[in-house]
Amino acid sequence: MLSVAISSKKRDFTWNSSLNFTHVKNKVTSLSAGNADIIGYTHTTTEANNITRVGYAVGSLYGAVTDGVNPENGQRIFINKNGERVQYSAAVASGQSNWTYLDGRVANPITVADYQVLGTALPTYYGGFNNSFRYKAFDAAVNFTFAGGNKVMNGTRGTLLDQRFYNNSVEVLNRWTTAGQQTDIPRLVYNDVISNGSAGFSIDQNAEKADFLRLQQLTLGYTFRGNLFNKIGLSSIRIYGQASNLFLITGYSGTDPESSSNGNSNTSIGVEKNSIGQGRTWTAGLNVSF
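Residues numbered from 1 in each chain as written. Predicted model: local features only at pLDDT ≥ 70, side-chain atom pairs only at ≥ 80, totals over all residues. Heavy atoms only, no water.

## Some points on the pattern of salt bridges
When the charged atoms of two side chains lie near each other, side chains of opposite charge can form a pair.
Part 1: A complete count under the given rule lists nine salt bridges for this structure.
Part 2: Put simply, Asp139 and Arg238 hold a salt bridge, and the shortest N to O gap is 2.8 Å. Remark: Arg238 occurs in strand β16 (residues 236–250) and Asp139 occurs in strand β12 (residues 138–148); sequence separation between them is 99 residues. Each member of the pair Asp139 and Arg238 is classed as buried.
Part 3: For Asp256, the salt bridge goes to Arg214, with nearest N and O atoms at 2.9 Å. Taken together, the residues span a long stretch of sequence, with Asp256 in the loop between β16 and β17 (271–272) and Arg214 in strand β15 (residues 212–224) at a distance of 42 residues. Take Asp256 and Arg214: they sit in the same class, and that class is buried.
Part 4: Among the charged side chains, a network of salt bridges with common partners joins Arg214, Asp256 and Glu258. (Salt bridge = Lys/Arg side-chain N within 4 Å of Asp/Glu carboxyl O. Helix = DSSP H or I, 4+ residues; strand = E, 2+ residues; numbered from the N terminus. Buried < 20%, exposed > 50% of the residue type's maximum accessible area, 1.4 Å probe, protein only.)

## Brief notes about the pairing of β15
Part 1: When β12 meets β15, the two strands line up antiparallel, connected through 10 bridges. Bridge pairing in β15 places Asp139 opposite Gly221. (Pairing = 2+ DSSP bridges.)

## Description of a nonpolar patch on the surface
Part 1: On the surface, Leu2, Val4, Ile6, Leu19, Phe21 and Phe129 cluster together into a nonpolar patch covering about 480 Å² of accessible area.
Part 2: The set of elements that each furnish at least two residues to the nonpolar patch consists of β1 (2–10) and β2 (13–23).
Part 3: Counting residues per element, the nonpolar patch draws most heavily on β1, at three residues.
Part 4: With respect to the helices, strands and loops of the structure, Val4 is situated in strand β1. (Patch = residues over 30% accessible without salt bridge, like charges linked within 9 Å, V, L, I, M, F, W, Y side chains within 5 Å. Areas by Shrake-Rupley, 256 points an atom, 1.4 Å probe, with all protein chains shown as cover.)

## Quick notes on the sheet that holds strand β14 (residues 207–209)
Part 1: Sheet architecture is open: three strands sit in the order β14-β13-β17, paired in mixed fashion. Edge positions in the sheet fall to β14 and β17, since each of these pairs with one other strand and no more.
Part 2: Strand direction decides the pairing type here: strand β13 (residues 151–154) and β17, joined by two bridges, are parallel. The partner of Met153 across the bridge, within β17, is Val271.

## Here's the deal with unusual backbone geometry
Part 1: With a phi angle near 60 degrees, Asn35 is a residue other than glycine that sits in the positive phi range.
Part 2: When you line up the elements, Asn35 lands in helix α1 (residues 32–35).
Part 3: One non-glycine residue, Lys136, lies in the positive phi region at around 50 degrees.
Part 4: One can find Lys136 in the loop between β11 (125–135) and β12.

## Concerning the environment of Ser198
Part 1: Checked against the element boundaries, Ser198 lands in the loop between α2 (155–160) and β14.
Part 2: For Ser198, a relative accessible area of 6% corresponds to the buried category.
Part 3: It is 39 Å that separates the C-alpha atoms of Ser198 and Thr283, two residues lying 85 residues apart in sequence.
Part 4: Excluding its chain neighbours within four sequence positions, the residues that come into contact with Ser198 are Gly158, Thr159, Asp162, Arg164 and Val193. (Contact = heavy atoms within 4.5 Å.)

## Overview of the sheet that holds strand β9 (residues 99–101)
Part 1: Strands sit in the order β6-β7-β8-β9 across an open sheet of four strands; the sheet is antiparallel. In the strand order of this sheet, the two ends are held by β6 (65–69) and β9, each with one partner. Within this sheet the neighbouring strands show an average axis-to-axis angle of 35 degrees, counted without direction.
Part 2: Two strands pair when backbone bridges link them, and β6 and strand β7 (residues 76–79) are joined in this way by three bridges, in the antiparallel orientation. (Axes fitted to C-alpha atoms, helices over the stretch in contact; angles between N-to-C directions.)

That is the geometry; function is a separate question.
What follows is the structure in structure tokens.
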């Protein structure tokens, strides 16, 4: 952990600034019960999104590894535990398999047994940058927070590409439609909940980098002083305005890289599925000093 504080004062102007930075290195060295993996679930016992495994960070993201979309037929390609490429089709004739190798041979379905570790769900660094200013009767405070080095499982994206009766995101406009087309969005098939990682199926395409910088709080104030206040027994009156979560800079495409669908769980972290991000709040106030 690194913490730095800076203070500057010149005539009527004062500036105080502090920066704190923490680096986290997390690695599981042993587990009970013969070092058996601990699987973390979201909502139900069918949505495996996390794994605690020796040699990796606790609660690492867990899912099926994909290899794009087959340009010949628009089917999602998965990599099984043996490193083989297997494609999936939600629409097949009666008696045929949904899972085949690229040459058409029947393949075993992709299951949790084929999942791989997709990255750490715990930030490898985080911190804050806080500043306070004062010029004569004016004062201000600007506080930033940041974190990164981790990934978040964007379950919201999977839901918005779910091919049941749900609304879809604009990503479906890039879906496969013709042979030879290069795209990461497979062809649309009604009731397909596998290809884009939904309804309990976790895929690597939804595990996104979660680095962010957030303006956590901004405060502006002005303090009134003078003989008028002294006559009525007041020392000063300060009026102020405050905004929280004013902006967020991140490459994460979901609701909020700090949102968690699993609360404070230690083994099911870094999962954001149809959650509500942090709200933006505006506050005005009055401080009276006697």
